[in-house]
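So the chains spell out like this:
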Amino acid sequence: MMTNKLSMLHILNTRPAHQANALSQLLCQHEATITKLPAIEIKPSLKDPEIKKISQINQYDLAIFVSANAAQAVRPYWKPTHTPILCIGPATAQAVKSF
C-alpha cells in the first residue's frame with residue numbers, strides 16, 4: 001500500500017523566517033519532522049537614490065518584479081502608474097496586486 005506521508009523524513013527548511021511557516025505547516029500536515037533554519041535574511045536595501053527612481057516610475061517603459069520580496073520592498077514608495085508591470089511568478093503577482 002502506497003502512502004504520501006512524510007513521517008520518515010526530517011526536513012531542514014532554509015526559507016527566510018518570514019516565509020518558512022507556510023512550507024513547514026504543509027510538510028507537518030504530511031507528518032514530516034521540520035527544523036527551521038533560515039539561511040538568509042531578506043530586508044530592503046533601498047537608499048535615497050533608488051527611492052527617487054521608484055517615485056519616478058512613470059518615466060519607465062516597463063517595471064519588472066522578480067520576487068514577492070522585491071515587491072514588498074518597493075511597496076512603501078510606490079505611486080500609482082500607467083507603466084506596465086511584469087511579475088515573475090504568481091506569488092510576485094499577488095504581492096504587486098497589494099499595491
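Everything that follows concerns the structure shown earlier in this document.
So, here is what we can say about the structure in this document.

Reading guide: rules and limits
Residues numbered from 1 in each chain as written. Predicted model: local features only at pLDDT ≥ 70, side-chain atom pairs only at ≥ 80, totals over all residues. Heavy atoms only, no water. Helix = DSSP H or I, 4+ residues; strand = E, 2+ residues; numbered from the N terminus. Rg over C-alpha atoms; globule rule 2.2 N^0.38 Å. Buried < 20%, exposed > 50% of the residue type's maximum accessible area, 1.4 Å probe, protein only. Contact = heavy atoms within 4.5 Å. Areas by Shrake-Rupley, 256 points an atom, 1.4 Å probe, with all protein chains shown as cover. Lys, Arg positive; Asp, Glu negative; His and termini not counted. Charge placed at Lys NZ, Arg CZ, Asp CG, Glu CD. Core = buried A, V, L, I, M, F, W, Y, C linked by side-chain atoms within 4.5 Å. Polar contact = N/O pair within 3.5 Å; in protein donor to acceptor, adjacent residues only side chain to side chain. Salt bridge = Lys/Arg side-chain N within 4 Å of Asp/Glu carboxyl O.

1. What about the overall build of the protein chain?
Check the secondary structure of the protein chain and you find four helices and four strands. Listing each helix as α and each strand as β along the protein chain from the N terminus yields β-α-β-α-β-α-β-α. On C-alpha atoms alone, the protein chain measures out to a radius of gyration of 18 Å, which is more than a quarter above the 13 Å that the 2.2 N^0.38 rule sets for 99 residues. In the protein chain, which comprises 99 residues, the proportion classed as buried is 20%. Excluding contacts between residues fewer than 6 apart, the proportion of contacts in the protein chain whose partners are at least 24 apart in sequence is 43%. Here the protein chain has roughly 7500 Å² of accessible surface; of this, 59% comes from carbon and sulfur atoms. Treating the 10 positive side-chain charges of the protein chain as one cloud and the 5 negative ones as another, the clouds have centres 4 Å apart.

2. So, unusual backbone geometry
Generally, phi is negative for residues other than glycine and the peptide bonds are trans, each holding for most cases. If you check the backbone angles, Glu 31 has positive phi at about 70° while not being a glycine. Looking at where Glu 31 falls in the secondary structure, it is placed in the loop between helix H1 (17-29) and strand E2 (33-36). With a relative accessible area of 39%, Glu 31 lands in the partly exposed category.

3. Thoughts on the environment of Thr 33
Take Thr 33: it is sitting in strand E2. Residue Thr 33 is classed as partly exposed on the basis of its relative accessible area, which comes to 42%. The contacts of Thr 33, once residues within four sequence positions are left out, are Leu 9, His 10 and Ile 11.

4. A closer look at the nonpolar core
Core analysis: the largest hydrophobic core is formed by nine residues, namely Ile 54, Ile 57, Ala 63, Phe 65, Ala 71, Val 74, Trp 78, Ala 95 and Val 96. Beyond its immediate chain neighbours, meaning those up to four positions away, Ala 71 contacts Phe 65, Ala 95, Val 96 and Phe 99.

5. Quick notes on the side chain of Asn 69
Structurally, Asn 69 is set in helix H3 (residues 68-74). Among the polar contacts made by the side chain of Asn 69, one reaches the side chain of His 18 at a distance of 3.2 Å.

6. Here's the deal with the pattern of salt bridges
In this structure the tally under the stated criterion is one salt bridge. Among the ionic pairs, Glu 31 bridges to Lys 5, the shortest N-O distance being 3.4 Å. Pair noted here: Glu 31 is in the loop between H1 and E2 and Lys 5 is in the segment before strand E1 (10-13), with a separation of 26 residues, a long-range link. Look at Lys 5 and you get partly exposed, because its relative accessible area is 48%.

Structural measurements only, silent on function.
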